[in-house]
Amino acid sequence: MKRISIFGATGSIGQSTIDLIKRDQGSYNVVALTGGANIAQLAQDARDLSADIAITAYDDRLPELRDALSGTGIEAAAGQAALIEAAARPADWIMSAIVGAAGLAPGFEALKHGTCLALANKESLVTAGPLLLAEAAKHNARILPVDSEHSAVFQGLVGEQISEVERVIITASGGPFRTWSTEQLKGATLAQACKHPSWDMGQRITIDSASMFNKALEIIETKEYFGLSPDQIEVIVHPGSYIHALVGFKDGALMAHMGAPDMRHAIGYALHWPERRDLPVERLDLAKLGSLQFEAPDEFRFPALRLARDVMQTGGLAGAVFNAAKETALDLFIAGRIGFTDMAELVEQVLAQMSLDLSHQDVQISLDMVYEADAEARARVLSLQARA
Ligand code: NAD
Ligand code: MG
């Protein structure tokens, strides 16, 4: 029996993971499930999967969770300390699918116990990639990518040497605003940003896809996870989302990874790795698709892509600042307090304000430094917005 825990179990990735687990429940022993405000879902899944413990991120929701689990023998807990404690519980496989920088600490803790960490939480790699990889190496733990593009690259590298890779191309759907002008983008509404043309995902990553901040995070994620140099990483807009990534080798060969846009591909690959098992995903009918469309990405209309290059150039704490500023700007956009294009402007301003402190070329970066840079970037976005 494989012991598993799912962090962010009530979200889009968490629910897709649970869907796979429920189809073969006898093979798994579920240790911990965590969620946020959706207590009913968390309790239902904990009951269905006979989890040892269910944890809500919110302290004030604990009584409700306790009620929902009463009589089941399933433990209920709440808050940050409980999340960390759950990450330390022995497990063979842990899904890291909390959204945002909040996913870093539990994932980091899990690595200390030598587990296999299926990493959907790309923000962990963007904010603290080198620290995370070093921690995994130190404890003989493994990080498996669960972003569709990164799982695709990972699969493309099976049996290959990273030294023979010339470039990696990750695809972007282009989101709902792929063909919009800068003028139109200024007036983009929350409802419009929440309508993704090809993927069904959580609200935050969906809006990040519309602004291309998601792709910006993924470029950095690619650099950190595979140890490539920034100029080896390319983005191509591919509206259908059938090709997830391509690995280009030094002989010019390009290996493309294709599949239906369904995250259960990447989750299932990480769940069964190094084996492949049957997955309940649509099989592509290429004749029906007919053709595949590609376009160059536009860094002027979508400045997040350009900012990602700056962040990689700066290195150090720039990823932590970039992500935290983006998360805060996204909160402001969701709250209706800033416009769609203001998000990238605020992030760019904060990166510029903090640029002198960021690179720390000679300093060993610590997790505390990451948290400090994160907090400062959030405060700076709020203060810039308050002054506007
Ligand atoms: P989601 O919003 O649907 O779910 C997020 C989960 O995290 C929920 O369980 C929520 O309760 C929990 N959560 C939110 N804030 C929290 C906090 N402060 N502390 C603890 N828990 C908290 O998000 P999602 O779309 O499932 O994405 C999860 C992660 O996976 C993100 O990092 C995202 O970038 C990545 N990802 C998602 C997809 C996708 O298809 N949805 C694809 C690739 C990568
Ligand atoms: Mg992705």
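Throughout what follows, the structure given in this document is the object of discussion. (Residues numbered from 1 in each chain as written. Chains lettered and ligands numbered in written order. Predicted model: local features only at pLDDT ≥ 70, side-chain atom pairs only at ≥ 80, totals over all residues. Heavy atoms only, no water.)

## Topic: the overall build of the chain
- Scanning the chain from terminus to terminus reveals 17 helices and 11 strands.
- The C-alpha atoms of the chain give a radius of gyration of 20 Å, which matches the 21 Å a tight globule of 388 residues would have.
- Seen through its principal axes, the chain has C-alpha atoms that stretch 55 × 55 × 45 Å.
- Split into buried and exposed, the 388 residues of the chain put 54% on the buried side.
- For the chain, the share of sequence-separated contacts (at least 6 apart) that also reach a separation of at least 24 residues comes to 67%.
- About 16,500 Å² of surface is accessible on the chain, with carbon and sulfur atoms providing 50% of the total.
- Separation between the mean location of the 33 positive side-chain charges and that of the 49 negative ones in the chain comes to 3 Å. (Helix = DSSP H or I, 4+ residues; strand = E, 2+ residues; numbered from the N terminus. Rg over C-alpha atoms; globule rule 2.2 N^0.38 Å. Buried < 20%, exposed > 50% of the residue type's maximum accessible area, 1.4 Å probe, protein only. Contact = heavy atoms within 4.5 Å. Areas by Shrake-Rupley, 256 points an atom, 1.4 Å probe, with all protein chains shown as cover. Lys, Arg positive; Asp, Glu negative; His and termini not counted. Charge placed at Lys NZ, Arg CZ, Asp CG, Glu CD.)

## What to know about the nonpolar core
- The biggest cluster of nonpolar side chains holds 132 residues, and the ones touching the most others in it are Leu33, Met95, Val146, Phe177, Phe322, Phe340 and Met343.
- Among the elements that line this core, the one with the most residues is helix α15 (residues 318–334), at 10 residues. (Core = buried A, V, L, I, M, F, W, Y, C linked by side-chain atoms within 4.5 Å.)

## Focus: the coordination of the magnesium ion (ligand 2)
- With distances of 2.1 to 2.3 Å, the protein atoms coordinating the magnesium ion (ligand 2) are Asp147 (OD), Glu149 (OE) and Glu218 (OE).
- Positions of the donor residues of the magnesium ion (ligand 2) along the chain correspond to the pattern D-x1-E-x68-E. Here aspartate 147 is found in the loop between β7 (142–145) and α7 (148–156), whereas its partner glutamate 218 is found in helix α11 (residues 213–226), with 71 residues between them in sequence. Here the two residues aspartate 147 and glutamate 218 agree in accessibility, since each one is buried. (Donors = N, O, S within 2.8 Å, 3.2 Å for Na, K, Ca; no water.)

## Describing the site of ligand 1
- For ligand 1, the set of nearby residues contains 23 residues, the closest of which are Thr10, Ser12, Ile13, Gly36 and Glu123.
- Within the side chain of threonine 10, an N or O atom sits 2.7 Å from an oxygen atom of ligand 1.
- Valine 99 has a polar backbone atom sitting 3.4 Å from an oxygen atom of ligand 1.
- Coverage of ligand 1 by the protein amounts to 85% of the 820 Å² it exposes when considered alone.
- At the level of secondary structure, the elements contributing two or more residues to the shell around ligand 1 comprise α1 (12–22) and α6 (122–138).
- In the shell around ligand 1, the residues fall into 12 nonpolar, eight polar and three charged.
- Here the shell around ligand 1 spans two domains, since at least three of its residues come from each of domain 1 (2–145) and domain 2 (148–260 + 283–298). (Near = heavy atom within 4 Å. Polar contact = N/O pair within 3.5 Å; in protein donor to acceptor, adjacent residues only side chain to side chain. Nonpolar A, V, L, I, M, F, W, Y, C, P; charged D, E, K, R; others polar. Domains from an automatic or database assignment.)

## Section: the packing of helix α2 (residues 39–48) against helix α3 (residues 62–69)
- For the pair α2 and α3, the least separation of the axes is 9 Å and the interaxial angle reads 35°. Judged by the twist between their axes, the crossing of α2 over α3 is right-handed. Taking contact as the criterion, the partners of Ile39, Leu42, Ala43, Ala46 and Arg47 in α2 are, on α3, Glu64, Leu65, Ala68 and Leu69.
- Split into classes, the residues belonging to the contact of α2 with α3 amount to seven nonpolar, no polar and two charged. (Axes fitted to C-alpha atoms, helices over the stretch in contact; angles between N-to-C directions. Left-handed = near helix turned anticlockwise from the far one by under 90°.)

## Here we look at the pattern of salt bridges
- In total, this model carries 27 salt bridges according to the counting rule given.
- Two residues, aspartate 92 and arginine 3, come together in a salt bridge whose shortest N-O distance is 3.0 Å. Here arginine 3 lies in strand β1 (residues 2–7) and aspartate 92 lies in the loop between α4 (80–87) and β5 (93–96), a separation of 89 residues in the sequence.
- By relative accessible area, aspartate 92 is classed as partly exposed at 31%. (Salt bridge = Lys/Arg side-chain N within 4 Å of Asp/Glu carboxyl O.)

## Remarks on the pairing of strand β2 (residues 28–35)
- The buried fraction of β2 is high, at seven of eight residues.
- With four bridges joining them, β1 and β2 adopt parallel strand pairing. In the sheet register, isoleucine 6 faces β2, and the bridge partner there is leucine 33.
- You can see the chain leave β1, run along α1 and come back into β2, and the turn it takes is right-handed.
- The sheet contact formed by β2 and strand β3 (residues 53–56) spans four bridges and is parallel. (Pairing = 2+ DSSP bridges. Right-handed = clockwise from strand over helix to strand, strands pointing away.)

## Points about the sheet that holds strand β6 (residues 116–119)
- Strands sit in the order β4-β3-β2-β1-β5-β6-β7 across an open sheet of seven strands; the sheet is parallel. Each end of this open sheet is capped by a strand with a single partner; those strands are β4 (75–78) and β7. Neighbour-to-neighbour, the strand axes of this sheet turn through a mean angle of 20°, independent of strand direction.
- With four bridges connecting them, β1 and β5 associate as parallel partners. Following the sheet pairing, serine 5 is matched in β5 by isoleucine 94.
- Running over the sheet, α4 touches β1, β2, β3, β4 and β5 and is turned about 145° from β3.
- The sheet strands contacting helix α5 (residues 104–111) are β1, β5, β6 and β7, and the helix crosses β6 at an angle near 155°.

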